[in-house]
Structure formats: structure tokens, C-alpha cells
Amino acid sequence: KQEVTQIPAALSVPEGENLVLNCSFTDSAIYNLQWFRQDPGKGLTSLLLIQSSQREQTSGRLNASLDKSSGRSTLYIAASQPGDSATYLCAVAPFQGGSEKLVFGKGMKLTVNP
Amino acid sequence: DAGITQSPRHKVTETGTPVTLRCHQTENHRYMYWYRQDPGHGLRLIHYSYGVKDTDKGEVSDGYSVSRSKTEDFLLTLESATSSQTSVYFCAISEWPGGEQYFGPGTRLTVT
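Because the structure is predicted, anything quoted here is derived from the model rather than measured.

Participant: Talk me through the side chain of B:Arg36; I want residue IDs and the actual numbers.
Facilitator: All names here are of chain B. Looking at where Arg36 falls in the secondary structure, it is placed in strand β4 (residues 31-38). Assessed through its relative accessible area of 8%, Arg36 is described here as buried. Within the local environment of Arg36, its side chain forms a polar contact with the backbone oxygen of Ser84, the two atoms lying 2.8 Å apart. Setting aside residues up to four positions removed in sequence, Arg36 forms contacts with Gly42, Leu43, Arg44, Ile46, Val60, Tyr64, Ser84, Gln85, Thr86, Ser87, Val88 and Tyr89.

The following block contains the structure:
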């Protein structure tokens, strides 16, 4: 059974730092991996989706990498800002058994202090 | 933002009563999903739909049923609500299986 882990569960940093958020998964047979952001009391916002054949994806200050063989993905946030404060979740779509059935990590709560 | 609305946004109900949550999309996406989000468990898939009248179970489907009579609407029903179903429920959509999923704003359900 696929398991997705995000460590640490929370992180507090000063504004301006470059950040690396980690996501690990137990089964390397994935279709893709998606990173989301969730603000308090809100739904999830899709940030980046990496297909299993890709190594990385970029959107603005965000860069996500994928290493299937080691079961890891990282989300890099450059020059963090207080507005980046949110919970970040990663989710993997399995290659077999239904790629529509995302398996989520429990998220990492990020606080960026001014 | 993807055009996804959920209703109601908040609901308090008593144990044993039926509850129906509605998800409405304006994107004409084929796939629709219902998740629940609980502290310590994260997001878990309840049911999903891959077309009108086509649905399948997710990880935590016991005690829930779904229906989809139109492309734009996906209903989640708790036939007899229990306190363990107190949660935040999210609807999501995608164009194809494994495609990028877009989430609605959520419904906070409290069962007393």
C-alpha cells in the first residue's frame, strides 16, 4: 500500500530564506506527483504536477523535483515571503490500481515570519 | 480558479439523520471526487465518479453513497450520520484519471 510522508510536520522560518519541503513515498510505481497549498479554512490549490517521466517542474518561485527511484520529491521555494505561509501537501497518483486515486501526505505547515 | 462550488458550506446535524452534500462544477470535467480531511489522517478519498452514473469506491467509503445524474453535479449522502463522520469534506475535479485535481472550498460537517 502506498504511503506518503512529509517531514517535518511544521516549519517556521524568517522571511527571505530559500526553503526545501520534502515528500517521500514508499512505492516508486507512480503516474505522477502533485503539490498543493492549503490556506486555513480553504480548499487545496494545485501548485505543480510532475509526471513520472519528468525530473522537475517550475512555476515562478516554486520548483518541484522528482526522484522516483528513491521515492522522493522536493518542493523548493525561493526567497520565501509571509504570503507563502500555508500548509503544503504532496500527493501521488499510483501507476496501477487507478491513477485517479491520489494518496496524500499529511502536509507540512509553513510559517514565514516577517 | 476552477469553477467548483460546494453546498452547504457548514452544517450541524444530529446522529442518525440523513445528510446530502452537493458539489457543482462549471468546467465540464469528467472526473469528480469526494474527500474527507481529518487531523492526523490527512485527505482520504471517499468515492469518485468517472462519468454520469459511473462511480466507484475510495479508501473510506463505508457509510457513504454518491450519485451523479449530470456532468456538473456530484452528490455525497450520509444515510444515517454518525459522530465519526464529523469532518471537512472536499470535492475535487479532473479532466482525466491522474490529471491535475482542482478542489472546491469544502464543507464543514458536525454530527452531534
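Participant: Give a description of the sheet that holds strand β6 (residues 56-59) of chain A that names residues and reports values.
Facilitator: All names here are of chain A. Pairing within the open sheet is antiparallel, and its five strands lie in the order β1-β3-β8-β7-β6. Looking along the sheet, the strands with just one partner apiece sit at the ends: β1 (4-5) and β6. Bridge count for strand β7 (residues 62-67) against strand β8 (residues 72-77) is six bridges, and the pairing is antiparallel. From the neighbouring strand, Asp67 faces β8, where its bridge partner is Arg72.

Participant: Describe the environment of A:Pro14, with residues and values.
Facilitator: All names here are of chain A. Following the sequence through the fold, Pro14 ends up in strand β2 (residues 10-14). Judged by its relative accessible area of 45%, Pro14 is partly exposed. Sequence-wise, Pro14 and Thr111 are 97 residues apart; in three dimensions their C-alpha atoms are separated by 8.4 Å. Contact partners of Pro14, with chain neighbours within four places excluded, come to Ser80, Val112 and Asn113.

Participant: Lay out the interface of chain A and chain B in plain terms, naming residues and giving numbers.
Facilitator: Every contact between the two is made by 19 residues of chain A and, on the other side, 22 residues of chain B. Both faces considered, chain A and chain B share a buried interface measuring about 1,600 Å² in area, 53% of it formed by carbon and sulfur atoms. Three residues stand out in chain A for area buried against chain B, namely A:Leu44, A:Glu100 and A:Phe104, and they jointly supply 33% of the buried area on that side. Summed over the shared surface of chain A and chain B, the number is one salt bridge. For B:Glu59, the salt bridge is made with A:Lys1, and the minimal N-O distance between the two is 3.9 Å. Counting every contact that joins chain A to chain B gives five residue pairs in polar contact (both at pLDDT 80 or more). If you list the elements that add at least two residues to the side of chain A that touches chain B, you get β4 (30-38) and β5 (44-51) of chain A. A per-element tally of the side of chain A that touches chain B places β4(A) first, with five residues. Across the side of chain A that touches chain B, the residue classes break down as seven nonpolar, seven polar and five charged.

Scoring rules and cut-offs
- Residues numbered from 1 in each chain as written.
- Chains lettered and ligands numbered in written order.
- Predicted model: local features only at pLDDT ≥ 70, side-chain atom pairs only at ≥ 80, totals over all residues.
- Heavy atoms only, no water.
- Helix = DSSP H or I, 4+ residues; strand = E, 2+ residues; numbered from the N terminus.
- Buried < 20%, exposed > 50% of the residue type's maximum accessible area, 1.4 Å probe, protein only.
- Polar contact = N/O pair within 3.5 Å; in protein donor to acceptor, adjacent residues only side chain to side chain.
- Contact = heavy atoms within 4.5 Å.
- Pairing = 2+ DSSP bridges.
- Buried area = accessible area lost by both parts, 1.4 Å probe.
- Salt bridge = Lys/Arg side-chain N within 4 Å of Asp/Glu carboxyl O.
- Nonpolar A, V, L, I, M, F, W, Y, C, P; charged D, E, K, R; others polar.

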